[in-house]
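The primary structure of each chain is shown beneath.
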Amino acid sequence: MADVQALKDRVFRAIDAHREEIVALGEDIRVHPELGFKEFRTSLKVAERFCSLGIDHTTGLGVTGVKGLLSGARSAATVAYMGELDSVLVREHPDADPATGAAHACGHNAQIANLIALAYGLVESGVMADLDGNIALIAVPAEEYVEVEYRMGLRAEGKLEFRLGALDDVQIAMMTHQATRTKPGRLSVGGPSNGCVVKQIRFEGVASHAGGAPHAGVNALRAAMLAMQAIDANRETFKDEDHIRVHPIITKGGELVNVIPADVRMETYVRGASVEAILAAAKKVDRSLKAGAMALGATAHISTLPGYLPRIVPEALVEVYKENAVALVGEEEWWEPSFGAGSTDMGDVSHLMPAIEAQAKGAAGTGHGADYQIVDPETAYITPAKAAAATLIDLLANGAERAQAILADFQPAMTKDAYLEFMRGLFQDVHWRAEEEA
């Protein structure tokens with residue numbers, strides 16, 4: 001049997017040998033943020049590192065994704081480790097791109113540093129020859145669900161769809177998300193989380209002179225305002241255990257101040273802890289949107305788009321990760337996970353296979369806020385790669401026994417075909433005119 005601790009130590013030494021380079025990469029990506037499906041510079045950085053390490057890889061997955069594959073002595077299982085390429089839109093952030101407003105206010109730059117640190121450790125230590133499974137290293141595009149119209153344009157051009165096959169050969173998946181926790185602890189693993197659907201709304205009214213003839217118009221902005229009030233009125237009907245979150249924004253409020261607004265745009269997520277809760281809340285949101293249109297005699301165009309599924313936590317995989325996290329940072333630096341009200345595409349993956357999204361406290365400030373920053377480079381850039389490497393070794397050493405045991409007991413919430421059918425079924429366009437139900 002392989003000495004797993006010796007294998008882990010070899011990987012740790014290889015990662016440490018590249019510490020300065022790994023930190024520099026994370027910092028370089030931090031000050032060059034890119035929004036989803038536009039991460040061409042960042043994905044090139046990943047591909048360059050894969051090339052330098054001799055890792056066979058594929059580029060252009062989902063426009064900008066990169067997947068490398070490391071082969072073990074045999075293929076008893078394949079585990080993916082992922083890092084996210086994109087940033088968010090926070091124009092007020094001091095490191096925001098002045099042209100796009102993009103900023104790494106969620107720590108995805110550290111995720112790519114983790115991915116590359118893991119690549120260095122696994123390749124330069126030579127441990128793959130001692131493992132009985134494969135490791136896929138995947139740089140994932142566009143986790144942050146922003147610029148919805150741009151995404152839908154890519155979909156209309158046939159550049160995006162749910163199934164690309166990048167995970168078809170993967171049985172278990174892992175990644176690490178940076179946290180801004182103020183309480184003690186350096187490492188953990190994500191608990192259950194909300195999923196969501198996304199809505200794009202256009203209220204169509206009638207333009208007229210706002211001062212001279214407002215009676216001749218139909219005010220689409222007031223229709224949108226009433227719709228938002230109706231959504232707020234429904235909040236007391238949401239059950240606490242469903243963790244419903246609805247947070248609309250108006251992206252276009254009119255054309256000119258002296259013209260009654262005839263074209264008003266909104267976007268919102270409808271989040272919840274279960275698919276059933278999300279769909280029920282989404283119906284209430286649709287009713288509210290129609291109510292705003294009815295009150296003003298406007299038209300509501302409602303497009304529903306699939307977002308992310310709630311995250312499911314596989315306890316057996318968490319146990320393996322926790323063992324290694326505690327061995328690395330100590331019991332006192334582990335914190336127990338709790339429910340997360342945000343949403344992530346790892347929720348989708350968790351419906352298909354055992355998947356965890358570990359947590360590392362390397363940042364401070366407000367997630368998606370202007371004060372977000374990396375304050376502990378070691379915990380942000382280096383430690384997660386070591387914890388992941390140790391977990392991967394435990395899963396795949398000695399016949400990949402621990403991976404096989406996890407897979408034997410795992411029952412997926414959805415098959416791949418069922419997942420695709422469900423997600424495709426969420427697409428819906430409704431054009432509702434007030435006179436139709438007047």
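Below you will find a few notes about this structure. (Residues numbered from 1 in each chain as written. Predicted model: local features only at pLDDT ≥ 70, side-chain atom pairs only at ≥ 80, totals over all residues. Heavy atoms only, no water.)

**Looking at the packing of helix α4 (residues 108-125) against helix α10 (residues 377-396)**
Turning to step 1, where the next piece is worked out: Axis separation between α4 and α10 bottoms out at 8 Å; the angle between their running directions is 50°. The pairing of α4 with α10 is recorded here as oblique in orientation. Our pair here, α4 against α10, has a crossing hand that is right-handed. Mapping the contact onto sequence places Asn109, Ala110, Ala113, Asn114, Ala117 and Leu118 in α4 and Ala380, Tyr381, Ile382, Pro384, Ala385, Ala388, Ala389 and Leu392 in α10.
Turning to step 2, where the next piece is worked out: A breakdown of the residues in the contact of α4 with α10 according to their chemical character gives twelve nonpolar, two polar and no charged. (Axes fitted to C-alpha atoms, helices over the stretch in contact; angles between N-to-C directions. Helix = DSSP H or I, 4+ residues; strand = E, 2+ residues; numbered from the N terminus. Parallel < 35°, antiparallel > 145°, perpendicular 65-115°, else oblique. Left-handed = near helix turned anticlockwise from the far one by under 90°. Contact = heavy atoms within 4.5 Å. Nonpolar A, V, L, I, M, F, W, Y, C, P; charged D, E, K, R; others polar.)

**Some thoughts on the nonpolar core**
Turning to step 1, where the next piece is worked out: Core analysis: the largest hydrophobic core is formed by 72 residues, its most contacted members being Val46, Phe50, Leu137, Met174, Tyr321, Leu395 and Leu396.
Turning to step 2, where the next piece is worked out: Looking at this core element by element, the count peaks at eleven residues for α10.
Turning to step 3, where the next piece is worked out: Ranked by size, the runner-up nonpolar core spans 34 residues in total, among them Val197, Ala220, Tyr419 and Ala434. (Core = buried A, V, L, I, M, F, W, Y, C linked by side-chain atoms within 4.5 Å. Buried < 20%, exposed > 50% of the residue type's maximum accessible area, 1.4 Å probe, protein only.)

**A closer look at the pairing of strand β14 (residues 355-360)**
Turning to step 1, where the next piece is worked out: In terms of burial, β14 is a largely internal element, six of the six residues being buried.
Turning to step 2, where the next piece is worked out: Of the two faces of β14, the one lined by Ala355, Glu357 and Gln359 and the one lined by Ile356, Ala358 and Ala360 are each fully buried.
Turning to step 3, where the next piece is worked out: Where strand β7 (residues 172-178) meets β14, six bridges bridge the pair, whose relative direction is parallel. Note on β14: the bridge partner recorded for alanine 173 is alanine 355. (Pairing = 2+ DSSP bridges.)

**A word on the environment of phenylalanine 339**
Turning to step 1, where the next piece is worked out: Positionally, phenylalanine 339 belongs in the loop between α8 (315-329) and α9 (346-352).
Turning to step 2, where the next piece is worked out: Take phenylalanine 339: its relative accessible area is 30%, and that puts it in the partly exposed class.
Turning to step 3, where the next piece is worked out: For the pair phenylalanine 339 and glycine 191, spaced 148 residues apart in sequence, the C-alpha separation works out to 5.2 Å.
Turning to step 4, where the next piece is worked out: Aside from chain neighbours lying at most four places away, what touches phenylalanine 339 is Pro192, Ser193, Asn194, His243 and Ala273.

**Some points on the sheet that holds strand β3 (residues 78-84)**
Turning to step 1, where the next piece is worked out: One open sheet holds the seven strands; their spatial order is β1-β2-β6-β3-β7-β14-β8, and the pairing between them is mixed. Every other strand in the sheet has two partners, leaving β1 (56-61) and β8 (187-189) as the edge strands with one partner each. Mean inter-strand twist for the sheet, computed between neighbouring axes without regard to direction, equals 20°.
Turning to step 2, where the next piece is worked out: In this structure, β3 lies alongside β7, joined through four bridges in parallel fashion.

**Some words on the pattern of salt bridges**
Turning to step 1, where the next piece is worked out: Taken as a whole and judged by the stated rule, the model has 25 salt bridges.
Turning to step 2, where the next piece is worked out: Where aspartate 168 meets lysine 416, a salt bridge forms, and the shortest distance between an N and an O atom there is 3.1 Å. Placement of the pair is aspartate 168 in the loop between α5 (148-156) and β7 and lysine 416 in helix α12 (residues 416-426), with a sequence separation of 248 residues.
Turning to step 3, where the next piece is worked out: For aspartate 168, a relative accessible area of 39% puts it in the partly exposed group.
Turning to step 4, where the next piece is worked out: In this structure, a network of salt bridges that share partners links the residues Glu149, Lys252, Glu255, Asp263 and Arg265. (Salt bridge = Lys/Arg side-chain N within 4 Å of Asp/Glu carboxyl O.)

**A look at the pairing of strand β2 (residues 65-70)**
Turning to step 1, where the next piece is worked out: Within β2, five of the six residues are buried, leaving the element largely enclosed by the surrounding structure.
Turning to step 2, where the next piece is worked out: With five bridges joining them, β1 and β2 adopt antiparallel strand pairing. Note that in β2 the partner of leucine 61 across the bridge is glycine 65.
Turning to step 3, where the next piece is worked out: Counting the residues in the hairpin turn of β1 and β2 gives three residues, including glycine 62, whose phi is positive at 55°.

**Observations concerning unusual backbone geometry**
Turning to step 1, where the next piece is worked out: At histidine 243, a residue that is not glycine, the phi angle is positive and equals roughly 50°.
Turning to step 2, where the next piece is worked out: Along the polypeptide, histidine 243 turns up in the loop between α6 (220-233) and β10 (245-246).
Turning to step 3, where the next piece is worked out: Classification of histidine 243 by relative accessible area gives partly exposed; the value is 25%.
Turning to step 4, where the next piece is worked out: In this model, histidine 368 sits at a positive phi of 65°, which is unusual for a non-glycine residue.
Turning to step 5, where the next piece is worked out: Its location among the elements puts histidine 368 in the loop between β15 (363-364) and β16 (373-374).

**What about the side chain of aspartate 286?**
Turning to step 1, where the next piece is worked out: For aspartate 286, the location among the structural elements is in helix α7 (residues 275-296).
Turning to step 2, where the next piece is worked out: Classification of aspartate 286 by relative accessible area gives buried; the value is 15%.

**Comments concerning the packing of aromatic side chains**
How two aromatic rings sit relative to each other is given by the distance of their centres and the angle of their planes.
Turning to step 1, where the next piece is worked out: This structure, assessed with the given rule, holds three aromatic pairs.
Turning to step 2, where the next piece is worked out: Ring geometry for tyrosine 145 versus tyrosine 269: centroids 6.1 Å apart, planes at 70°, classification edge-to-face. Placement of the pair is tyrosine 145 in the loop between β6 (134-140) and α5 and tyrosine 269 in strand β12 (residues 263-272), with a sequence separation of 124 residues.
Turning to step 3, where the next piece is worked out: Taking the relative accessible area as the measure of exposure, tyrosine 269 reaches 17% and is therefore buried.
Turning to step 4, where the next piece is worked out: An aromatic cluster is defined as three or more aromatic residues linked by ring pairs; in this entry it consists of Tyr145, Tyr269 and Tyr308.
Turning to step 5, where the next piece is worked out: Here the guanidinium or amino end of lysine 38 rests over the ring plane of tyrosine 150, the centre of that ring lying 4.5 Å away.
Turning to step 6, where the next piece is worked out: One Lys or Arg, arginine 151, reaches over the ring of tyrosine 145 and ends 4.7 Å from the middle of that ring. (Phe/Tyr/Trp six-rings, centres within 6.5 Å; stacked < 30°, edge-to-face > 60°. Lys NZ or Arg CZ within 6 Å of the ring centre and 35° of its normal.)

**Thoughts on α8**
Turning to step 1, where the next piece is worked out: The end-to-end C-alpha separation of α8 is 20 Å, in line with the 21 Å expected for 15 residues at 1.5 Å each.
Turning to step 2, where the next piece is worked out: Looking at α8, one finds that the buried residues are Leu317, Val318, Val320, Tyr321, Asn324, Ala325, Val326 and Val329.
Turning to step 3, where the next piece is worked out: Lining the buried residues of α8 we find α1 (4-17), β7, β8, β14, α10 and α11 (401-409).
Turning to step 4, where the next piece is worked out: Positive backbone phi, at 100°, marks glycine 330, one or two positions downstream of α8. (Expected span 1.5 Å × (residues − 1).)

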